[in-house]
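# Descriptive structure summary
Below are the chains, spelled out letter by letter.
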Amino acid sequence: MLRRNLPQVLCLGLMLVLAVNLLLLFHTKETVQKLIQRGLHEEPHRPPPERDEIVMDRLAHLEVVMQQLKEDMKLAVKQQANVQDTLKRVKDEVHPAPKTVPHNVVKTKKPQAPKKLFPDSALFQRWGEDLPEAEQRKAQDLFHRFGYNVYLSNQLPLDRSLPDTRDSRCLQKTYPSQLPSLSVILIFMDEALSVIQRAITSIINRTPLWLLKEIILVDDFSSNGELKIPLNEKIEFYNQMYPGLLKIIRHAERKGLAHARNTGWKAASADVVVILDAHVEVNVGWAEPILARIQEDRTVIISPVFDNVRFDTFQLLKYEVAVDGFNWQLWCRYDFVPQTWIDLGDVTAPVRSPSIMGILAANRLFLGEIGALDDGMLVYGGENVELSLRVWQCGGKIEILPCSRVAHVERHHKPYALDLSPFLKRNALRVAETWMDEYKHMVYLAWNLPLQNSGIDYGDISSKRMLQEKLKCKSFDWYLKNVYPVLKPIPIHDIVGYGRMKNSLDKGICLDRGPVTNNIPIMYACHELGSQYVYYRLTGEFYVGSLVAEVHSDDLCLTDPGHREEPTLEQCSKAAQNKLHIYWDFKQGGAMVNRDTHRCLEIRREPSGTYVPVLQTCTAQVWEIQYTLGNLSQTNVL
Ligand code: UDP
Ligand code: MN
């Protein structure tokens, strides 16, 4: 209903804007200033600009608002035409015009909800209930190409309002009147035009314009046609309102996101750079905390707090303040805020963070001094950890600012690579080799790679070595102890074997962690994924499943429950405390014998033909582990 009345509503809006415009044009400067000063009272941190500047600023802004209203109106008219068209089609389908049908067989059907064409698609789980079939196809196709709901994004206003997700105490904060200038960099590869425009609009509308020096778009060789001439036209349009504000740089080949971020950084000229994904909307008051903090300390790299724009409904989901961390595969994740921050009792205070997620703000020159982004990180993944380790180890710091909020679309899938793991793995090794010193084996273990001859080319790291010398960077050991004690590395000599475990009865199946819903290991067709990673420690534990090696969460230990034949997986430290039977003797090509119960882990063929692991009196079954380190026979007592 609302949508049908939208053109009228927008007309009214347009009239209102025109009236305000006339008021501004024909009133005396004093009246205008009074009006604006009232506005200034509400935002005490703004420096008082010149009066003429104010009027010009306001007019320019109003012009943009009007243009946006016009665009919204065009869109609404188009949508209404679509809706009417669709309604007509639905009506025609439900009540087809009687042709030569004999009147005694004409029956009236009840209008039916359109059939769900893609019931399994993630797009249609919470959205698109009544969408006609042709529109469902369009929406699904766009979703498949972009990983978020472009169909819906194309209908939402570019300047839509967002809930203010800041803590109310952020609103009481004041900032210096003099703040550094800002370059905002948006990088993209095949993102939807409406999404990029909404990002730009949010930046223009929610950043103090006298601080916003430029918005630099970096196109990492998109193939999407609407990002060519149509995007250029939009840029021209914005630049008519704000001369020189928008710039675009286009890569002639795909370089990956670290390189794209660097391209933007090189082109930037303001005091501070903020590097954003293209599918974001900055929220109210996002920039001031960043600029003020970097003004205080030029060596701090900042991340705002992200809220999640749902990929299907585009609704905003508020996220609590968290710090950015990572695991031993160098996958990023959120961690709890540190107790020291909670003890401060100030929810607006910066939070020290071990890492960033990708989006970042920094003093432009300082970012250069520590080497900017590493161009040698390919496509996606790990580049955030690389920068984070470099920042911490080479004299900077990382903080999350709770009062700076950016809404970010968490995509359902990445349109640029179906399987990102080859890039993540390769980039993770590059980080390990560059920054992790004697702990680098943890990354190899976590990715289940041999320590030597992994067959993965992580590129040239000599420039990073020079940088380490020049900046006298600290060690990874220092980082672990002082910045990220959550990670708990295992000394290399403590691991005697790792990888997949195969039994002599059938080499096509491997020991597997099994469904995460229970802690019963299974035998399963061998594959490359984490559920079949096994780590055998010198002390006798077998960890089964992806490596954890952290302080607050435990690896799972293969356990003989003692009383039945089914083995279990128990959290190692609890199991050790409770004196469960988690210690095993094993040597390559030998039996797996529990040290307490003396039973063997073996496999048995079920009537169905599948194998299950069982604990029983040892027969002649033997096992092989994929990689061995040191002398496996040392632990063997057989
Ligand atoms: N991107 C890019 N080149 C690439 C891959 C990604 O410029 O080869 C851009 C992408 O369009 C996005 C940003 O890099 O603006 C971050 O990527 P993405 O959002 O997929 O990462 P996530 O936020 O999920 O970590
Ligand atoms: Mn993103």
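Residues numbered from 1 in each chain as written. Chains lettered and ligands numbered in written order. Predicted model: local features only at pLDDT ≥ 70, side-chain atom pairs only at ≥ 80, totals over all residues. Heavy atoms only, no water.

Counted under the stated rule, the structure contains 31 salt bridges. With a closest N to O distance of 2.9 Å, Glu281 and Arg160 form a salt bridge. Of this pair, Glu281 sits in strand β5 (residues 280–282) while Arg160 is found in the loop between α5 (150–153) and β1 (182–188), placing the two residues 121 residues apart along the sequence. Pair check on accessibility: Glu281 and Arg160 agree, each one buried. For Glu528, the salt bridge goes to Arg500, with nearest N and O atoms at 3.9 Å. (Salt bridge = Lys/Arg side-chain N within 4 Å of Asp/Glu carboxyl O. Helix = DSSP H or I, 4+ residues; strand = E, 2+ residues; numbered from the N terminus. Buried < 20%, exposed > 50% of the residue type's maximum accessible area, 1.4 Å probe, protein only.)

Averaged over all residues, the pLDDT of the chain equals 87, while 81% of them reach at least 70. Across residues 1–60 the pLDDT falls below 50, and counting only partners more than four positions away or on other chains, this stretch makes 50 contacts in the model. Ignoring residues within four places in sequence, the model shows residues 634–638, a span with pLDDT below 50, making eleven contacts including any to other chains. (pLDDT = per-residue confidence, 0-100. Contact = heavy atoms within 4.5 Å.)

It is worth spelling out helix α7 (residues 229–241) at this point. Taking 1.5 Å of rise per residue, 13 residues should cover 18 Å, and α7 covers 19 Å from first to last C-alpha, within 8% of that figure. Considered for burial, the residues of α7 that qualify are Leu231, Ile235, Phe237, Tyr238 and Met241. On an axial view of α7, the arc spanned by its buried residues comes to 160°, and they lie on one face. Turned more than 90 degrees off the buried face of α7, the exposed positions are Ile229, Glu236 and Gln240. (Expected span 1.5 Å × (residues − 1). Arc of directions from axis to C-beta.)

Here we take up the state of the cysteines. Tallying each qualifying case throughout the model produces five disulfides. At a sulfur-sulfur separation of 2.1 Å, the disulfide partner of Cys394 is Cys473. The chirality of the disulfide connecting Cys394 with Cys473 is right-handed, given an S-S dihedral of about 110°. Linking Cys394 in the loop between α12 (383–393) and β12 (397–409) with Cys473 in the loop between α15 (462–471) and α16 (476–482), this pair joins segments that are 79 residues apart in sequence. Like Cys473, Cys394 is buried. (Disulfide = S-S within 2.5 Å.)

Our focus in this paragraph is empty space enclosed by the protein. The full count for this structure, using the stated rule, is four cavities of 30 Å³ or more. Roughly 50 Å³ of internal volume is contained in the largest cavity. In this structure, the largest cavity is lined by Val195, Arg198, His279, Val280, Glu281, Val309, Phe314, Ala407 and Val409. Mapped by element, the contributors of at least two residues to the lining of the largest cavity are α6 (193–206), β5 and β12. The residue makeup of the lining of the largest cavity, split by class, is six nonpolar, one polar and two charged. (1 Å grid on protein atoms, 1.4 Å probe; cavity = no way out; pocket = protein on both sides within 12 Å on 5 of 7 lines; lining within 4 Å. Points joined across faces, edges and corners; volume = space filled by probe spheres on them. Nonpolar A, V, L, I, M, F, W, Y, C, P; charged D, E, K, R; others polar.)

Further remarks concern the nonpolar core. Ile301, Trp328, Leu360, Leu367, Leu389, Met436 and Leu547 are the most contacted members of the largest nonpolar core, which totals 74 residues. With six residues, helix α13 (residues 421–435) is the single largest residue contributor to this core. Residues within four places of Ile301 in sequence aside, it is in contact with Ile356, Leu360, Ala361, Ala362, Phe366, Leu367, Val391, Lys397, Ile398 and Glu399. By size, the runner-up hydrophobic cluster in this structure holds 47 residues, among which are Leu186, Ile294, Ile302 and Phe306. (Core = buried A, V, L, I, M, F, W, Y, C linked by side-chain atoms within 4.5 Å.)

Looking at the manganese ion (ligand 2), one finds its protein donor set to be Asp277 (OD), His279 (NE2) and His408 (NE2), positioned 2.1 to 2.2 Å from the metal centre. When the donor residues of the manganese ion (ligand 2) are listed from N- to C-terminus, their spacing reads D-x1-H-x128-H. Pair noted here: His279 is in the loop between β4 (272–277) and β5 and His408 is in strand β12, with a separation of 129 residues, a long-range link. As far as the burial class goes, His279 and His408 line up, both buried. (Donors = N, O, S within 2.8 Å, 3.2 Å for Na, K, Ca; no water.)

Moving on, we get to the side chain of His259. Of note, His259 is situated in helix α8 (residues 257–267). Since its relative accessible area comes to 18%, His259 is described here as buried. Here His259 is in contact with His251 and Asp375, once residues within four sequence places are set aside.

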